Amino acid sequence: MNQKKETLTTAFGAPVADDQNSITAGADGPALLQDVKLLEKLAHFNRERIPERVVHAKGAGAHGYFIVTNDLSRYTRAAFLSEVGKRTDTFVRFSTVGGGRDSADTERDPRGFAVKFYTEEGNYDLVGNNTPVFFIRDAMKFPDFIHSQKKNPATNCKDPDMFWDFLSLTPESVHQVTILFSDRGVPFSYRHMNGYGSHTFKWYNEAGEFVWVKYHIKTDQGNRTLSETEAVKLRGEDPDHATRDLYRAIEKGEFPSWTVYVQVIPPGAAMDYKWNIFDVTKVVPHSDFPLQELGKLVLNRNPENYFAEVEQAAFNPGSLVPGIAASPDKLLQGRLFGYHDAHLHRLGPNYHQIPINQSRNSPETNYQRDSYMQQGGGSGPNYWPNTMGGPAPAGPGVEEAGFDVSGHAARHPFVPADDYKQAGDLFRKVMDEPRREALVSNIVGHLKGALGRLQLRSSVMFFKADEEYGRRVAEGLGLNVARIEELAAMSHEELVKATS
Ligand code: NDP
């Protein structure tokens, strides 16, 4: 819609004489079906909403750029990372995860941190979160996990029993649960939090050599968080707090920025490493693979229309460019399907033609045609191969080198080194005493709403991460600590039986 147009028009551009009074048979008579302007207006209003995202429904976004500050092109042939000073347009969408489209920004929830790079080799989407790990590591568990965190199907209320039942039956979640209930669980704003690619990805260079990488996007504004009391208050006073904060900062010219780092893990080093680098519930310690600076991400332009640019923004971990590929991480593998499929449902088969999603620096040239909302589609041949001058494949140079895979095809359970140690390390080594206190108090405040047997099972999970951690949660809940110790000595199966 052209905002500058002075005359009000219909959707088809015809001038509207009067937009206040419908056509009626006489001053007090019924409305006439021939008032097509009224019909158009009412019908369009009925269709204003599109399906909200099942997850990450509430979000805010802004335009900006990414600039390379350190040359890591020996590891990747990605053109947008080829030299220091190279600048690429970006669009970033931040979000909460569990709530609906109008939920409060200050919920205790992970935050989505999705970056679209409009590169000259197509759009690259880095669809991350503000936490380096995730609750589960196999996409098969994803719908169940989300169901357990959302509303009870009978009451339509959030349900602490569902929340803690699933998580305590899924001990690999303890690391992410510890981050979620720590001070970092409610960032002050989207500007004051880090982003992480979370999964391990593959980078490959022109020689066909590859490394594994993990992305860390660290806020230049400093990490700033809200206490539980502050967060609860803001949920009532200003549910759009983080959305407003981002918009206002950019409007005032206070452009938020982040320094982007990667951990580079040579394939040989990953083989016998103590952690499975494809297990997204674990971090790869900085002490083993230090952060290497890559660039700067700056947000400097607000959207002009929220719906067009933020609601319709569609990010897809499968939107990759030459030089960057997926890893065998089982959650990432599921996401490669899930996001594209979600957008096909939510926005339609030509969602990539919506301006915010268009590959503006590498126009789409292929033989995909037609379907709803087609904006062009090309007039040339619509088949390949052809000798009519249609677009031709670039050849193997842009593809990742082939790799060997072998094994017995089956539903293999993950065999982790240890699901508890990193959560324990976070409690023991990274947090200071006030942070530990806040963590325990935040967990107790939430877990006390769940059934007693779920309080026991969850406390055992924290106890296994760190005995003091589990003991303090149990004490806060008024549980018998000796019983927690007894349950912690059991196998997971015995524990589940004893707390079912
Ligand atoms: P390091 O000692 O090298 O770094 C600790 C990391 O913890 C820093 O990246 C810091 O982020 C982050 N951190 C500090 N407080 C919190 C919190 N309340 N919640 C989440 N993250 C926090 O760590 P290691 O690599 O040896 O890992 C030790 C533990 O630190 C891990 O088990 C993990 O729980 C946690 N951690 C590790 C990260 C990593 O990428 N290695 C990232 C985040 C957490 P910052 O520098 O931004 O302040």
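Each value, and the rule that gives it
Residues numbered from 1 in each chain as written. Predicted model: local features only at pLDDT ≥ 70, side-chain atom pairs only at ≥ 80, totals over all residues. Heavy atoms only, no water. Helix = DSSP H or I, 4+ residues; strand = E, 2+ residues; numbered from the N terminus. Rg over C-alpha atoms; globule rule 2.2 N^0.38 Å. Buried < 20%, exposed > 50% of the residue type's maximum accessible area, 1.4 Å probe, protein only. Contact = heavy atoms within 4.5 Å. Areas by Shrake-Rupley, 256 points an atom, 1.4 Å probe, with all protein chains shown as cover. Salt bridge = Lys/Arg side-chain N within 4 Å of Asp/Glu carboxyl O. Patch = residues over 30% accessible without salt bridge, like charges linked within 9 Å, V, L, I, M, F, W, Y side chains within 5 Å. Polar contact = N/O pair within 3.5 Å; in protein donor to acceptor, adjacent residues only side chain to side chain. Domains from an automatic or database assignment. Axes fitted to C-alpha atoms, helices over the stretch in contact; angles between N-to-C directions. Parallel < 35°, antiparallel > 145°, perpendicular 65-115°, else oblique. Left-handed = near helix turned anticlockwise from the far one by under 90°. Nonpolar A, V, L, I, M, F, W, Y, C, P; charged D, E, K, R; others polar. Near = heavy atom within 4 Å. Phe/Tyr/Trp six-rings, centres within 6.5 Å; stacked < 30°, edge-to-face > 60°. Pairing = 2+ DSSP bridges.

Draft legend 1. Structural detail: the overall build of the protein. Secondary structure summary: the protein contains 15 helices and 10 strands in total. Against the 2.2 N^0.38 benchmark of 23 Å for 500 residues, the protein shows a C-alpha radius of gyration of 26 Å, consistent with a compact globule. Projected onto its principal axes, the C-alpha positions of the protein cover 80 × 70 × 45 Å. Per-residue burial over the protein gives 48% buried out of 500 residues. Nonlocal contacts in the protein, meaning residues at least 24 apart in sequence, comprise 72% of its contacts between residues at least 6 apart. Summing over all exposed atoms, the protein offers an accessible surface of approximately 25,100 Å²; the carbon and sulfur share of this is 54%.

Draft legend 2. Structural view of the pattern of salt bridges. All told, the structure shown has 37 salt bridges when counted by the stated rule. With a closest N to O distance of 3.6 Å, Arg471 and Glu485 form a salt bridge. Placement of Arg471 in helix α13 (residues 467-477) and of Glu485 in helix α14 (residues 481-488) is noted, with a sequence separation of 14 residues between them. Here Glu485 falls in the partly exposed class, since its relative accessible area comes to 36%. Taken together, the shared-partner salt bridges in this structure form one network comprising Lys421, Asp425, Arg428, Lys429 and Asp466.

Draft legend 3. Broad picture of a nonpolar patch on the surface. A cluster of nonpolar side chains, contributed by Leu33, Val36 and Leu39, occupies part of the molecular surface with about 310 Å² of accessible area. Within the secondary structure, Leu33 sits in the segment before α1 (36-46).

Draft legend 4. Here's a closer look at the side chain of Lys58. In this structure, Lys58 sits in the loop between α1 and β1 (59-68). With relative accessibility at 5%, the residue Lys58 sits in the buried group. Here Ser103 takes part through its backbone oxygen, which lies 3.0 Å from a polar atom of the side chain of Lys58. Polar contacts involving the side chain of Lys58 include one to the side chain of Asp105, which spans 2.8 Å.

Draft legend 5. Looking closely at unusual backbone geometry. Going from Trp384 to Pro385, the amide bond is cis rather than trans, its omega being 5 degrees. Locating Pro385 in the fold gives a position in the loop between α9 (330-346) and α10 (421-430). Look at Asp370: it is not a glycine, yet its phi comes out positive at around 65 degrees. Within the secondary structure, Asp370 sits in the loop between α9 and α10. Asp370 gets classed as exposed once you look at its relative accessible area, which sits at 52%. You will see that Met373, though not glycine, has its phi angle at about 60 degrees, which is positive. By the secondary structure assignment, Met373 is in the loop between α9 and α10.

Draft legend 6. Main features of helix α3 (residues 160-168). Within α3, burial applies to Met162, Phe163, Trp164, Phe166, Leu167 and Ser168. In this fold, the buried residues of α3 make contact with α2 (142-149), α4 (174-180), α11 (433-447), α12 (452-465) and α15 (492-498). The N-terminus of α3 is capped by Asp159, whose side-chain oxygen sits 2.8 Å from the backbone nitrogen of Asp161.

Draft legend 7. Broad picture of the domain arrangement of the protein. Considered domain by domain, the protein is made up of domain 1 (55-134 + 187-362) and domain 2 (421-498). The centre of domain 1, based on its C-alpha atoms, is set 32 Å off from the matching centre of domain 2.

Draft legend 8. Summary view of the packing of α3 against α12. One way to put it is that α3 packs onto α12 with a least axis distance of 9 Å and a crossing angle of 45 degrees. With respect to α12, the element α3 is oriented oblique. In this structure, α3 crosses over α12, and the sense of that crossing is left-handed. From α3, Asp161, Trp164, Asp165, Leu167 and Ser168 reach across to α12, where they touch Leu454, Arg457, Ser458, Met461 and Phe462. Here the contact of α3 with α12 is built from residues that sort into 5 nonpolar, 2 polar and 3 charged.

Draft legend 9. Focus on the site of the ligand. Surrounding the ligand, one finds 17 residues, the nearest of these being His175, Asn194, His216, Lys218 and His286. His286 has a polar side-chain atom sitting 2.7 Å from an oxygen atom of the ligand. Protein contacts shield 78% of the accessible area of the ligand, which totals 780 Å² for the unbound molecule. When contributions to the shell around the ligand are tallied by element, the ones reaching two or more residues are α4, β7 (210-219) and α10. In terms of residues, the shell around the ligand owes the most to one element, α10, which gives 3 residues. Taken together, the residues of the shell around the ligand break down into 7 nonpolar, 7 polar and 3 charged.

Draft legend 10. The packing of aromatic side chains, seen in detail. Going through the model one piece at a time under the given rule, you end up with 27 aromatic pairs. On the numbers, 6.2 Å between centres and 25 degrees between planes, the contact of Phe134 with Phe142 is stacked. According to the relative accessible area criterion, Phe134 is buried, its value standing at 11%. On the accessibility criterion, Phe142 (28% relative accessible area) is partly exposed.

Draft legend 11. View of the pairing of strand β6 (residues 201-204). Taking every second residue as pointing to the same face, both faces of β6 are buried, with Phe201 and Trp203 on one and Lys202 and Tyr204 on the other. As judged from the 4 bridges shared by β6 and β7, these two strands associate in the antiparallel manner. Bridge pairing links Phe201 to Val213 in β7. Hairpin connection from β6 to β7: 5 residues lie between these consecutive antiparallel strands, with Gly208 at a positive phi of about 85 degrees. For β6 and strand β10 (residues 324-325), the ladder comprises 2 bridges, and the chain directions are antiparallel. Residue pairing across strands places Lys202 opposite Ala325, the latter belonging to β10.

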